[in-house]
Amino acid sequence: MSRAILQVMIRGRVQGVGYRAWVEYQATASGLEGWVRNRRDGSVEALFAGAPKHVADMVALCRHGPPSSRVDSVTSETASLDELNLRRAGEAFSVLPTI
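Below is a short write-up of the structure. All values derive from a computational prediction rather than experimental measurement.

Reading the values: rules and limits
- Every residue gets a number counted from 1 within its own chain, in the order that chain's sequence is written.
- Per-residue local features are limited, in this predicted model, to residues with pLDDT of at least 70; the limit for side-chain atom pairs, both in listing and counting, is 80 or more; totals at the level of whole chains, interfaces and linings are taken over all residues.
- Values shown for side chains rest on all heavy atoms present in the structure; no hydrogens or waters enter the calculation.
- Elements are defined by DSSP. Helices are runs of H or I of four residues or more, strands are runs of E of two residues or more, and each kind is numbered from the N terminus.
- Between the two quantities, the radius of gyration covers C-alpha atoms and the globule rule is 2.2 Å times the number of residues to the power 0.38.
- Only protein chains enter the area calculation, which uses a 1.4 Å probe; residues under 20% of their type maximum are buried, those over 50% are exposed, and those in between are partly exposed.
- Any two residues whose heavy atoms approach within 4.5 Å at even a single point are treated as in contact.
- In this description, strands pair whenever DSSP reports at least two bridges between them.
- Axis definition: a line fit to C-alpha positions, over the contact stretch in the case of helices; interaxial angles, taken between N-to-C directions, run 0 to 180 degrees.

Scanning the chain for helices and strands turns up 3 helices and 5 strands. Tracing the chain from N to C terminus, the helices and strands come up as β-α-β-β-α-β-α-β. Relative to the compact-globule value of 13 Å for 99 residues, the chain shows a C-alpha radius of gyration of 12 Å, a close match. Taken along the three principal axes of its C-alpha coordinates, the chain extends 35 × 25 × 20 Å. Per-residue burial over the chain gives 43% buried out of 99 residues. Of all intrachain contacts in the chain linking residues separated by at least 6 positions in sequence, the fraction that spans at least 24 positions is 77%.

Structure, rendered in structure tokens:
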């Protein structure tokens, strides 16, 4: 089975509106591995790993976000397995501290 790993940057009104928790819930429900974190510039960064279709569907979901958010842009790029190792040990999907 093939596997995709994408690192995603989400900009807009995405902090303080439950966006990280929403991403964690959606990714876990889709069976994806990875992590999500806030950035000091107000954006949210996430990494998704799994079946290519599930990863693509998750990126599409990120373009809309939860009802209280306003997403201005979503960019993604292919990431390495090393980036996936940032998640907490024993967790398939982690919410990481702000950087």
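Let us now look at the sheet that holds strand β4 (residues 70-78). The strand order across the open sheet built from 5 strands is β4-β1-β3-β2-β5, with neighbouring strands paired in mixed fashion. Since the sheet does not close on itself, it has two edges, and those belong to β4 and β5 (93-95), each with one partner. Neighbour to neighbour, the strand axes of the sheet diverge by 15° on average, direction disregarded. Summarising the sheet, strand β1 (residues 4-13) and β4 pair through 8 bridges and their orientation is antiparallel. Within the sheet, the bridge partner assigned to valine 8 lies in β4 and is serine 76. On top of the sheet, helix α1 (residues 19-29) reaches β1, β2 (33-38), β3 (44-50), β4 and β5; it is set at about 175° to β5, its chief contact. Strand contacts of helix α2 (residues 52-62): β1, β3 and β4, with the helix running at about 160° to β3, the strand carrying the most contacts.

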